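What the coordinates show
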Amino acid sequence: MSLFTYKQRNYINLVIIIALGCLIAYSLMGIFGSLLSTLVLYTILRPSYIYLTEVKKWNRRFTAILLLFISIIVLVLPFYALSSMVIEKITELKNDEIYFKNILYKLQHLLPVGGNAQQIIEDGLKNIGTWATGLFPSLISGVFNIVLGLLLMYFLLYFMLVEREAFENALVKYAPFREQNAYRFAEEMRNTTYANVVGQGFIAIVQGSLVSLAFYVLGYKDPLFWGVVTSFISLVPVLGPPVIFVPAALLQLADGNNFAGWAMIIFGFVVIINIDNVLRFMIAKKVGNIHPIITVIGVVIGIPLFGILGLVFGPLLLSYFFLLIKIYETSSMASERLERIKTIHEDEEL
């Protein structure tokens, strides 16, 4: 005969479940980025998978493998190739003392820079290079972690797609809110993911491409490199493309290239900056928008956790957090209304 009552055994089981859940969550901290990447990719690939398997009647396993292969070609390989290029260029610039001395020499023609200020600027430029290099995943030093994270991500993603119905039914079943709120959360999460990942990513690519094109036409050095850097920086609304094209234009003016300098400034503020507003308005009408405050705070949170991927994952996590708060408030208000109706009904019966 058991020493515990039925209710006590349930409480003990609950405590054990919570303790084991906390231990598992702690153990998974190192691969949290891979798990979040899996969720984001699943949200993005899900409509294509449903269309190909349910409308076109393609084989489930073949479709899942095909979509995973396409995602590797379109997303993973270009990102790590560009990261490698950026790391190499930043390291080259950081170790080139003559390059920084030339920049300081040119700045002295535009701004009054003293001796101490000159040393501060020089140290600041080198520190920025070191910080920026650390953001990008190194294909040499971190190859094991990169491969392990990708294998785990695609392993999970394959089975999430192939067993889509079972996976989504389990999410609804174990969600900590009512079924209708679970579906509402899924829809809002999809819109948030598309607005942040696809929408912001598309805007960043367009702005980076425009900067690269302008640099190439106006004769600036390394247009492809600075276009890539602009794409990453464009994900941060407080900074954005002016961080790249304004200093570049000022250096051209310091060199006496007035046309190249002023043309870059005019094109940057008239076209590159405003294309952000146009595209953001169009995306907001389709799938929603992410408030700039959430983006900025999310970047601050995300970069220490995920490196350069924190530019995307940080705002995404913060958006999910506020979305859960909204669902909780809705559920609480609904429970209060039901409780009031129940109380009124009981009073009427009395």
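Along every chain, residues carry numbers that run from 1 in the direction the sequence is written. At least 70 in pLDDT is required for a residue's local features to be given in this predicted model, at least 80 for side-chain atom pairs to be given and counted, and no such filter applies to totals for whole chains, interfaces and linings, which use all residues. Side-chain metrics in this entry use all non-hydrogen atoms of the structure; hydrogen atoms and water are not considered.

1. Comments concerning a nonpolar patch on the surface
To be explicit about the condition: Each patch is built from residues lacking any salt bridge and having more than 30% relative accessible area; the joining distance is 9 Å for like charges and 5 Å for nonpolar side chains (Val, Leu, Ile, Met, Phe, Trp, Tyr). For the accessible areas, the method is Shrake-Rupley and the probe is 1.4 Å, while residue cover comes only from the protein chains on display. One speaks of a salt bridge when a side-chain nitrogen belonging to Lys or Arg is within 4 Å of a carboxyl oxygen belonging to Asp or Glu. A run of DSSP states H or I qualifies as a helix once it reaches four residues; a run of E qualifies as a strand once it reaches two. Both are numbered from the N-terminal end. Exposed residues in this analysis have more than 50% of their type's maximum accessible area, buried residues have under 20%, and partly exposed residues fall in between, with area computed by a 1.4 Å probe over protein chains only.
A surface patch of nonpolar side chains, amounting to about 520 Å² of accessible area, comprises Ile 12, Ile 16, Leu 20, Leu 23, Ile 24 and Leu 28. With respect to the helices and strands, the residue Leu 23 is situated in helix α1 (residues 6–27). Here Leu 23 falls in the exposed class, since its relative accessible area comes to 51%.

2. Points about the nonpolar core
What counts here: As used here, the term nonpolar core means buried Ala, Val, Leu, Ile, Met, Phe, Trp, Tyr and Cys residues forming a set that is joined through side-chain atoms within 4.5 Å.
Within the largest apolar cluster, 39 residues are counted, with the highest numbers of intra-cluster contacts made by Leu 68, Tyr 154, Leu 157, Leu 161, Phe 215, Tyr 220 and Met 264. Contributing elements (two or more residues each) for this core: α2 (32–55), α3 (60–95), α6 (143–162), α8 (179–218), α9 (223–233), α10 (242–254) and α11 (258–287). The biggest single contributor to this core is α6, with 8 residues. Core analysis: the second largest hydrophobic core is formed by 13 residues, Phe 185, Met 189, Phe 313 and Ile 327 among them.

3. Remarks on the pattern of salt bridges
Considering all chains together, one arrives at 5 salt bridges under this definition. When the shortest N-O distance is used, the salt bridge between Arg 164 and Glu 54 registers 2.5 Å. You can see Arg 164 sitting in helix α7 (residues 164–174) and its partner Glu 54 sitting in helix α2, a full 110 residues away along the chain. Exposure remark for Arg 164: the relative accessible area of 8% places this residue in the buried category. With a relative accessible area of 37%, Glu 54 lands in the partly exposed category. The salt bridge partner of Arg 164 is Glu 168, with a shortest N-O separation of 3.3 Å. Of the two residues, Arg 164 and Glu 168 are both situated in helix α7; the distance of 4 residues between them amounts to about one turn of the helix. Just as Arg 164 is buried, Glu 168 falls in that class too. Through salt bridges with shared partners, one network takes in Arg 46, Glu 54, Arg 60, Arg 164, Glu 165 and Glu 168.

4. Quick notes on the confidence of the model for the chain
To keep things clear, this is the line we draw: The predictor attaches a confidence to each residue, and that confidence, scored 0 to 100, is pLDDT.
Here the chain averages 77 in pLDDT, and 74% of its residues register 70 or above. Of all helices and strands in the chain, the one with the weakest mean pLDDT is helix α5 (residues 115–135) (58), whereas α2 scores best (87).

5. Things to note about the packing of α8 against α9
Note the threshold: Axis definition: a line fitted to C-alpha atoms, over the contacting stretch in the case of helices. Angles run 0 to 180 degrees between N-to-C directions. Should an angle lie under 35 degrees it is considered roughly parallel, over 145 roughly antiparallel, and from 65 to 115 roughly perpendicular; all remaining angles are considered oblique. Crossing handedness: left-handed means the near helix sits turned counterclockwise from the far one by under a right angle, and right-handed means the same turn made clockwise. Any pair of residues with heavy atoms lying within 4.5 Å of one another is described as a contacting pair. Residues are sorted three ways: Asp, Glu, Lys and Arg are charged, Ala, Val, Leu, Ile, Met, Phe, Trp, Tyr, Cys and Pro are nonpolar, and all the rest, Gly among them, are polar.
Running from N to C, α8 and α9 point in directions that differ by 155°, and their axes come no closer than 7 Å. With respect to α9, the element α8 is oriented roughly antiparallel. Pair α8 / α9 crosses with right-handed handedness. Contact with α8, carried on its side by Ala 204, Ile 205, Gln 207, Gly 208, Val 211, Ser 212, Phe 215 and Tyr 216, involves Pro 223, Leu 224, Trp 226, Gly 227, Thr 230 and Ser 231 of α9 and no other residues of that element. Grouping the amino acids of the contact of α8 with α9 by side-chain chemistry returns 8 nonpolar, 6 polar and no charged.

6. Side note on the packing of aromatic side chains
Stated formally: In this scheme Phe, Tyr and Trp rings, the latter by its six-membered ring, pair at centre separations within 6.5 Å, and the angle between planes marks the pair as stacked below 30 degrees, edge-to-face above 60, and tilted otherwise.
Applying the stated criterion to the full structure yields 8 aromatic pairs. With a centroid separation of 5.3 Å and 80° between ring planes, the pair formed by Tyr 42 and Phe 167 is classed as edge-to-face. Here Tyr 42 is found in helix α2, whereas its partner Phe 167 is found in helix α7, with 125 residues between them in sequence. Owing to a relative accessible area of 24%, Phe 167 belongs among the partly exposed residues under this scheme. A ring pair is formed by Trp 58 and Phe 62, whose centres lie 6.1 Å apart and whose planes are at 50°; its orientation type is tilted. Given a relative accessible area of 36%, Trp 58 falls into the partly exposed group.

7. A short note on the packing of α2 against α8
The N-to-C vectors of α2 and α8 enclose an angle of 100°; their axes lie 10 Å apart at closest approach. With respect to α8, the element α2 is oriented roughly perpendicular. Contacts between α2 and α8 involve Leu 39, Val 40, Thr 43, Ile 44 and Pro 47 on the former and, on the latter, Met 189, Arg 190, Thr 193, Tyr 194, Val 197 and Val 198. Across the contact of α2 with α8, the residue classes break down as 8 nonpolar, 2 polar and 1 charged.

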